[in-house]
Amino acid sequence: MKLWSIYVRGILMGAADTVPGISGGTIAFITGVYERLIYSLHQLGWPALKHWRQQGIKSAWRYIDGSFLATLLAGVITSVITLAHLVSWLLEAYPLQLNGFFFGLVASSALLLGRQVDHWGGNRLIAILIGALIARSLPELLPQLGSSSDSLFLVAGTIAICAMILPGISGSFLLLTMGLYGPVLNAVKSFDLPPILFFAIGCGLGLLAFSRLLNWLFTHYHGATFATLLGFVIGALPQVWPWQWVERYRINISDQWTILDQTPILPWQFNDISGQSPAYFSVILLMTLGFILVYITIRKD
């Protein structure tokens, strides 16, 4: 795989990670780099340092698949920095259309995950159910922090990055639940270095720990792990459904409101409840486009 292609995949992952409801891990699956990413992250840490001391930096770089990892990370960082303003604007100006496009992406990615399940039996169905339940209940189990001290940015980075590399669980949505999505996005847009640094350290710690767990699961329970990840995606679909009824929200001291609980509804119900146009045509068009894009990617594999 060429480096420019890996870089583009990183850009797509970064763009997804800035949107509540969709995971960069889902994009990694769609674009075919997920297992390579998890294995490369697993190689980091003390084993890589030991490899460096014994065989030199070039050997250690190959050991961690450094060119792949650095190029993908560069794409993610580029995307987050350059697209933060655009994503914020799209979320405010065209939330239905944006969520419609991502709903199509996530729904179609379930096909890719389903192909990785080795067989369909009772155990696999239970794994799918467990994954869906975790995806639906995880936001409710997280603390609602609300403030934005450096230590909380560290904690938020550790939690969010674990979700960001899991298909179906949105790290941005978890940040919203904790009340830190706005502060993190504002720090990136204004290039406020201290909170960015603490958030990045948290992400690094979370990646080092969680990637090892995922790599072990892929090695020993490959089919069951993919079935659970499929459950994650299925459980996350209601979060990206374009038409939602907000049942519970929180307003902070800056008069910014954070959605805590919402229920998917039908387009005509959305019109009756909110008085806003459900934008049938544009939303369904973008939903279909997202689905087709992933389907084309799957067909090429």
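Provided above is the structure to which this section pertains.
Presented here is an overview of the structure given in this document. Since the model is a prediction, treat every value here as computed from it, not as a measurement.

## Concerning the overall build of the protein chain
Secondary structure assignment for the protein chain yields 15 helices and two strands. Of all 301 residues assigned to the protein chain, the portion counted as buried reaches 47%. The long-range fraction of contacts in the protein chain, counting pairs at least 24 apart against all pairs at least 6 apart in sequence, stands at 75%.

## Regarding the packing of helix α7 (residues 95–116) against helix α13 (residues 222–240)
Running from N to C, α7 and α13 cross one another at 165°; their axes reach a closest spacing of 9 Å. The angle between the axes of α7 and α13 places the two elements in the roughly antiparallel class. Read as a crossing pair, α7 and α13 show a hand that is left-handed. Across the interface between the two elements, Asn-99, Phe-102, Phe-103, Val-106, Ala-107, Ser-109, Ala-110, Leu-113, Gly-114 and Gln-116 from α7 touch His-222, Phe-226, Leu-229, Leu-230, Val-233, Leu-237 and Val-240 from α13.

## Re the packing of helix α12 (residues 193–220) against α13
Remark: α12 packs on α13, axes separated minimally by 5 Å, with the N-to-C direction vectors making an angle of 120°. When the axis of α12 is compared with that of α13, the two are oblique. Judged by residue contacts, Leu-217, Phe-218 and His-220 of α12 engage His-222, Thr-225, Phe-226 and Leu-229 from α13. Across the contact of α12 with α13, the residue classes tally to four nonpolar, three polar and no charged.

## Notes on the layout of surface pockets
Considered as a void within the structure, the second largest pocket measures approximately 1000 Å³ in volume. Forming the walls of the second largest pocket are 38 residues, and the residues nearest its centre are Leu-73, Val-76, Ile-77, Ile-161 and Cys-203. Per-element tally for the lining of the second largest pocket: the top contributor is α12, with nine residues. Of the residues assigned to the lining of the second largest pocket, the class counts are 31 nonpolar, six polar and one charged.

## Re the packing of aromatic side chains
A complete count under the given rule lists six aromatic pairs for this structure. Seen in terms of ring centroids, Trp-89 and Tyr-94 are 5.6 Å apart; in terms of plane orientation they differ by 80°. Their pairing is edge-to-face. You can call Trp-89 partly exposed: its relative accessible area is 46%. A ring pair is formed by Phe-218 and Phe-226, whose centres lie 5.2 Å apart and whose planes are at 50°; its orientation type is tilted.

## What to know about unusual backbone geometry
The backbone of Asp-65 sits at a positive phi, close to 55°, despite the residue not being glycine. You can call Asp-65 partly exposed: its relative accessible area is 22%. Positive phi is not limited to glycine here, since Ala-279 has a value of about 50°. Within the secondary structure layout, Ala-279 lies in the loop between α14 (267–274) and α15 (280–300).

## A few points about the nonpolar core
Tyr-34, Leu-175, Phe-199, Leu-214 and Leu-229 are the most contacted members of the largest nonpolar core, which totals 66 residues. Of all the elements, α7 adds the most residues to this core, at ten residues. Dropping the residues within four chain positions of it, Tyr-34 is found in contact with Gly-25, Ala-28, Phe-29, Ile-165, Leu-166, Pro-167, Leu-214, Phe-218 and Leu-229.

## What about the pattern of salt bridges?
Across all of its chains, the model carries one salt bridge by this definition. Linking Arg-36 and Asp-65 is a salt bridge whose minimum nitrogen-to-oxygen distance equals 2.7 Å. With a gap of 29 residues between them, Arg-36 in helix α3 (residues 34–42) and Asp-65 in the loop between α5 (57–63) and α6 (66–93) connect regions that are remote in the sequence.

## A few points about helix α1 (residues 3–17)
Residues lying three or four places apart along an α-helix face the same way, a consequence of the helix completing one turn every 3.6 residues. Relative to the 21 Å expected for 15 residues at 1.5 Å per residue, α1 spans 21 Å between its end C-alpha atoms, a close match to the ideal helical length. Of all the residues in α1, the buried ones are Ser-5, Ile-6, Arg-9, Gly-10, Met-13, Gly-14, Ala-15, Ala-16 and Asp-17.

## A look at a nonpolar patch on the surface
Among the surface-exposed residues, Leu-73, Ile-77, Ile-81, Phe-191 and Leu-193 lie close enough to one another that they form a single nonpolar patch of about 500 Å² accessible area. In terms of residue count, α6 provides more of the nonpolar patch than any other element does, three residues in total. With respect to the helices and strands, Leu-73 occurs in helix α6. Here Leu-73 falls in the partly exposed class, since its relative accessible area comes to 48%.

Calculation rules
- Residues numbered from 1 in each chain as written.
- Predicted model: local features only at pLDDT ≥ 70, side-chain atom pairs only at ≥ 80, totals over all residues.
- Heavy atoms only, no water.
- Helix = DSSP H or I, 4+ residues; strand = E, 2+ residues; numbered from the N terminus.
- Buried < 20%, exposed > 50% of the residue type's maximum accessible area, 1.4 Å probe, protein only.
- Contact = heavy atoms within 4.5 Å.
- Axes fitted to C-alpha atoms, helices over the stretch in contact; angles between N-to-C directions.
- Parallel < 35°, antiparallel > 145°, perpendicular 65-115°, else oblique.
- Left-handed = near helix turned anticlockwise from the far one by under 90°.
- Nonpolar A, V, L, I, M, F, W, Y, C, P; charged D, E, K, R; others polar.
- 1 Å grid on protein atoms, 1.4 Å probe; cavity = no way out; pocket = protein on both sides within 12 Å on 5 of 7 lines; lining within 4 Å.
- Points joined across faces, edges and corners; volume = space filled by probe spheres on them.
- Phe/Tyr/Trp six-rings, centres within 6.5 Å; stacked < 30°, edge-to-face > 60°.
- Core = buried A, V, L, I, M, F, W, Y, C linked by side-chain atoms within 4.5 Å.
- Salt bridge = Lys/Arg side-chain N within 4 Å of Asp/Glu carboxyl O.
- Expected span 1.5 Å × (residues − 1).
- Patch = residues over 30% accessible without salt bridge, like charges linked within 9 Å, V, L, I, M, F, W, Y side chains within 5 Å.
- Areas by Shrake-Rupley, 256 points an atom, 1.4 Å probe, with all protein chains shown as cover.

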